[in-house]
Structures are given as C-alpha cells and as structure tokens.
Amino acid sequence: MSRPTAAVATAADWPEVVALRTRVFVEEQGVPSEIEQDAADATAVHAVARDGAGRVVATGRLLERGGRAAIGRMAVDAGARGGGYGAAVLGVLHREARARGLTEVELHAQVTARGFYERAGYTAVGGEYEEAGIVHVTMRRALEEPL
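About the thresholds
Residues numbered from 1 in each chain as written. Predicted model: local features only at pLDDT ≥ 70, side-chain atom pairs only at ≥ 80, totals over all residues. Heavy atoms only, no water. Helix = DSSP H or I, 4+ residues; strand = E, 2+ residues; numbered from the N terminus. Buried < 20%, exposed > 50% of the residue type's maximum accessible area, 1.4 Å probe, protein only. Areas by Shrake-Rupley, 256 points an atom, 1.4 Å probe, with all protein chains shown as cover. Lys, Arg positive; Asp, Glu negative; His and termini not counted. Charge placed at Lys NZ, Arg CZ, Asp CG, Glu CD. Contact = heavy atoms within 4.5 Å. Pairing = 2+ DSSP bridges. Axes fitted to C-alpha atoms, helices over the stretch in contact; angles between N-to-C directions.

### Digging into the overall build of the protein chain
Move 1: Counting secondary structure elements, the protein chain contains 4 helices and 7 strands.
Move 2: Going from N to C terminus, the protein chain has its helices and strands arranged as β-α-α-β-β-β-α-β-α-β-β.
Move 3: Each principal axis of the C-alpha distribution contributes one length, and for the protein chain these read about 35 × 35 × 30 Å.
Move 4: With 147 residues in all, the protein chain has 41% of them scored as buried.
Move 5: Total accessible area computed for the protein chain in this model is approximately 7800 Å², and 52% of it derives from carbon and sulfur atoms.
Move 6: Charged side chains in the protein chain number 17 positive and 20 negative. The centres of these two groups are separated by 5 Å.

### Examining unusual backbone geometry
Move 1: Even without being a glycine, Arg 73 presents a positive backbone phi close to 50°.
Move 2: Along the chain, the position of Arg 73 falls in strand β4 (residues 68-76).

### With respect to the environment of Ala 40
Move 1: Residue placement: Ala 40 occurs in the loop between α2 (33-36) and β2 (45-50).
Move 2: In sequence terms Ala 40 and His 94 are 54 residues apart; their C-alpha atoms lie 18 Å from each other.
Move 3: If we ignore the near neighbours within four places in the chain, the residues touching Ala 40 are Arg 61 and Leu 63.

### Side note on the sheet that holds strand β5 (residues 104-110)
Move 1: Reading across the sheet, the 7 strands line up as β1-β2-β3-β4-β5-β7-β6 and stay open at both edges, with mixed pairing between neighbours. The open sheet has two free edges, formed respectively by β1 (6-8) and β6 (123-131), since each of these has just one partner strand. Direction aside, the axes of adjacent strands within the sheet are offset by 25° on average.
Move 2: The pairing of β2 with strand β3 (residues 56-65) spans 6 bridges and is antiparallel. Within the sheet, the bridge partner assigned to Val 45 lies in β3 and is Leu 62.
Move 3: Running at roughly 25° to β3, helix α3 (residues 85-99) makes contact with β1, β2, β3, β4, β5 and β7 (134-142) of the sheet.

Nothing here speaks to function; it is geometry throughout.
So this is what it looks like as structure tokens:
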C-alpha cells in the first residue's frame, strides 16, 4: 500500500472538513459544537488527506501567531488512525509554514496524541492543562529552512 498523501484544502473540501471535525471533536470527544469552529477557520490554511475511496479522513489547520506557525484542529477519522494520514497532513502544514518564512511551529496536543507529535519531532514545553474539557500539552518544533 502506498503512503497517504495530503494537500491544501480548497473551498470544495470544506463540507467534508466540517463533517470530519464534528465526528472527531464533537461526537467522539464531547467538545461543545459552538467552540469547534471559530473565526480563525476563515483565514487558516487547511490541509486534508483522503482515503482510497476519496473521503477526507484527516485534516488540520495552520495559523500564524506572533511570528510562529500554530497548527490546530488536527483530526483523523477513527477508522483511519495509524494509517499515516495525520502525518501526511502535518507534512503539508509544515511545508506551508516554511513557505511563509516561519521557522518554528507550536501546537496544543491532546495528551493521548503526544507520542504522535513526538515522533514528528515535537517537544513538550510546560505542563499539562485542560482545553475544551480535554487534557493538552503545548509542543513545539523547529522547521527546516525552505528547500
């Protein structure tokens, strides 16, 4: 099986992005629906990965905050976890951040996903805290120079 690939999302992908985030964050994890989407969605760069049937099974978004890349809303469909889709989305978001001249990225990782981000080169900074009723840890990593 080939490695999953991801791409920057287009407006046409948005309904599937919303559906996936609703399944993962609202239905599965109990995040209040009124805080799952926010104004930052309109200006963020979103990435998606699709399965063999063409369904969006992973997504994430990139924002710029104070000269640093901020990745968030990383979601992978329950049936696709462990398949490399999240890593593919992360790779696209890293490339997009580098293309914007950003050299460091930060994210708020759910502690259950900490190992995933550590494998992707992230290091925890600070202690654990609760966000949207879920325990998180802030993680950062440097981004390589653009190619």
